[in-house]
Structures are given as structure tokens and as C-alpha cells.
Amino acid sequence: MRGLDRMRSGSRREGFRLQTSDEDWMLWPPDHKVICDLSQISLYRIPQHTVILMECENLPPGFTRLKMMTPSPNQKVKSSCVPIDGEIYISSLLFKARFLDFNRSSNAALRSSIQHGPCATNTYLEHQDVDCAYCFRSHHWPNVALPWIQRCQHKNWPPESILSGIVEDGCHIVPIGSFPERDNEWRVSFSGAEQKLIYSMNHCQFLCYGLLKVFLKEIIDVDPNNPTCLCSYFMKTILFWVIQCDSSLHWVPGNL
């Protein structure tokens, strides 16, 4: 879609072509820059850039509020702003609604899009869902995730070159709160980092990940009327933890 940067994500980006593998995209306005610290505002040109500050105090880990530091020329972003204690913040609820309308109007094939979590979701050919997560991008590594860097360096996984690339790429901020009623919370997404970790796996590790996904979809979560609380994201996170904690799984193919 015009005017937006994009990144493909999800199972298909990771290399899977299972029946349940959907098409996922993250889209964001490139001139809106999210910072983690006020000192970073000097890195951007104003008014060419709209600067937004992440505020994570008194929120569950992994969630943030987005405070407007400079005005936005984007009407969809402007109309998503709400005043809180004399400051201007972006409402995740309003942001989702504005961009759902935008998604529906951008293409005739997307007119039936519905809101699903942080995504605008459309179904093609009655079976394949396409999820578009309209969000913001930060080129900075959030302070709340700094301990993860130290843990990776201590455990020697992932390798330093991959770790550096992950940190330099920063993160995304998607419009969903820790609870449905928390309209002004956003979730910090490390989808780009997860892709780099998946690509850094050896063949054995990747097969383990694939088997966990198949086990979840074909064995555990087979009844659509009685879904479990599990998801493939949990499987991915468990495998990351196992690889990092068990050095015998590091870079040694065929050790199952």
C-alpha cells in the first residue's frame, strides 16, 4: 500500500507451507519514528519526522504507551490521538479502527476485512487468511529488553553477528493492550528479531520447530469449536529457550 513500509512475517516468511500457514504483513508509516529515550529525539529531522516516545513505566512487561512528541501530518494517526493528563497519546483502539477502514478502502478484495487482535484480516479462497498489522517502527532497542542481550552474550546464542543485527533493527509496536479494555496500551513486537533467530537455526533445530508446529495443529488443536490456549508462538519461544540453554543443540546438525 502506498506510503507505508512493510515487512512480511509469520509462518510463510519462516519457510513453512502448512495448511494453516497464513500470509502476515506488518505495515507502518516510515516518517513516524518511535524512540525509547528522550535523548534520541535529536537523531531525527523535525518537522519531516514525527517523533513518538515509548513509555513503559507501570505497565506489564512488553507493553507501552505511545506519547506524541511532535505533531503528525497523517490524518489517521491524528484522529487516533487522545489527551491523557495534559499530554497527547495514540489510542491503540482508535488506531486499529482507522487503519481497518483504510484497509477496507484500499482494495476491493479487502472490503470484507475484519479486526482480529492487532490485525486487519481478510480471507482469500475461503481458507487462507491474510493478516495486516498496521503498526509503528522503532530503530532503537527498548530498555525493557536489554537483559535479553546480556543473556544471549552469556549463553553464546545467537552468534554475535546475528545478535548485533537484531539489536540494530530495533522493534515494532503493534496496537493491542495487555487486556481488551486497555485502549491506550501497545505491545512491543520482536517479529523481525524472531525471523533472524529462525534463519540462524541449523537443520535439526528447524525440524524441531516444524514438528512442534505440526504437533500443535494436527494433534492438539484439531477441534475448531474447542480451541486450546496454546499457539505456535509459544512453541517458537520454547525452542528459542531450549537452544539457548542447552549448548548441545548449538550448531550441531543431526543430533536428535
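Scroll up to find the structure.
Per-chain numbering applies: the sequence of each chain, read as written, is numbered from 1 onward. Restriction of local features to residues with pLDDT of at least 70 applies here, the model being predicted, together with a cutoff of 80 or more for giving and counting side-chain atom pairs; totals for whole chains, interfaces and linings are based on all residues. Neither water nor hydrogens contribute to the side-chain values; these are computed over all heavy atoms in the structure.

S.K.: Please set out the overall build of the protein chain residue by residue, giving values where relevant.
M.R.: Of regular secondary structure, the protein chain possesses 8 helices and 13 strands. The size measure is the radius of gyration over C-alpha atoms, and the globule rule it meets is 2.2 Å times the number of residues to the 0.38 power. A compact globule built from 256 residues should have a C-alpha radius of gyration of about 18 Å, and the protein chain, at 19 Å, falls within 12% of that. By principal-axis analysis of the C-alpha atoms, the protein chain measures approximately 55 × 45 × 30 Å. Whether a residue is buried, partly exposed or exposed follows from its accessible area with a 1.4 Å probe, protein chains only, as a fraction of its type maximum: under 20%, in between, or over 50%, in that order. Burial status across the protein chain gives 44% buried among its 256 residues. For the protein chain, restricting intrachain contacts to residue pairs at least 6 apart in sequence, the fraction spanning at least 24 positions comes to 54%. Carbon together with sulfur atoms contributes 56% to the accessible area of the protein chain, which is approximately 13700 Å² in total. Side-chain charges of the protein chain comprise 25 positive and 26 negative groups, with the mean position of each set lying 5 Å from the other. Counting from the N terminus, the helices are DSSP H or I runs at least four residues long and the strands are E runs at least two residues long. Here, two residues are considered to be in contact whenever any of their heavy atoms come within 4.5 Å of each other. Method for areas: the Shrake-Rupley scheme with a 1.4 Å probe, in which residue coverage is limited to the protein chains shown. Under the convention used here, Asp and Glu are negative, Lys and Arg are positive, and both His and the chain ends fall outside the count. One atom stands in for each charge, and that atom is NZ of Lys, CZ of Arg, CG of Asp or CD of Glu.

S.K.: Break down unusual backbone geometry for me, citing the residues and quoting the values.
M.R.: For residues besides glycine, phi is generally negative; the peptide bonds are generally trans as well. Residue P47 is reached from I46 by a cis peptide bond, and omega for that bond is 15°. Structurally, P47 is set in the loop between β3 (32-35) and β4 (50-55). P158 follows W157 through a cis peptide bond whose omega is 0°. Mapped onto the elements, P158 comes out in the loop between α4 (146-155) and α5 (160-169). Residues other than glycine seldom take positive phi values, yet D85 does so here, at roughly 50°. By the secondary structure assignment, D85 is in the loop between β6 (81-84) and β7 (87-90). Overall, the relative accessible area of 77% leaves D85 in the exposed class. Not every positive phi belongs to a glycine, and N156 is a case in point at roughly 60°.

S.K.: Quick rundown of the state of the cysteines? Include the residues and the values.
M.R.: In plain terms, two cysteine sulfur atoms within 2.5 Å form what is called a disulfide here. For the structure on display, the rule yields 0 disulfides. The thiol sulfur of C204 is not disulfide-bonded, and the nearest other cysteine sulfur, from C208, lies at 4.5 Å. When its relative accessible area of 5% is taken as the criterion, C204 is described as buried.

S.K.: How would you explain the pairing of strand β2 (residues 23-28) if you had to name every residue and give the values?
M.R.: Within β2, 5 of the 6 residues are buried, which leaves the element mostly enclosed by the surrounding structure. Both strand β1 (residues 5-9) and β2 contribute to a ladder of 5 bridges, which runs antiparallel. Bridge assignment links S9 to a residue of β2, and that residue is D24. Relative to strand β10 (residues 128-134), β2 is paired through 5 bridges, and the arrangement is parallel. Paired with E23 across the bridge in β10 is V130. Here, strands pair whenever DSSP counts at least two bridges between them.

Any functional reading would require information that these geometric values do not contain.
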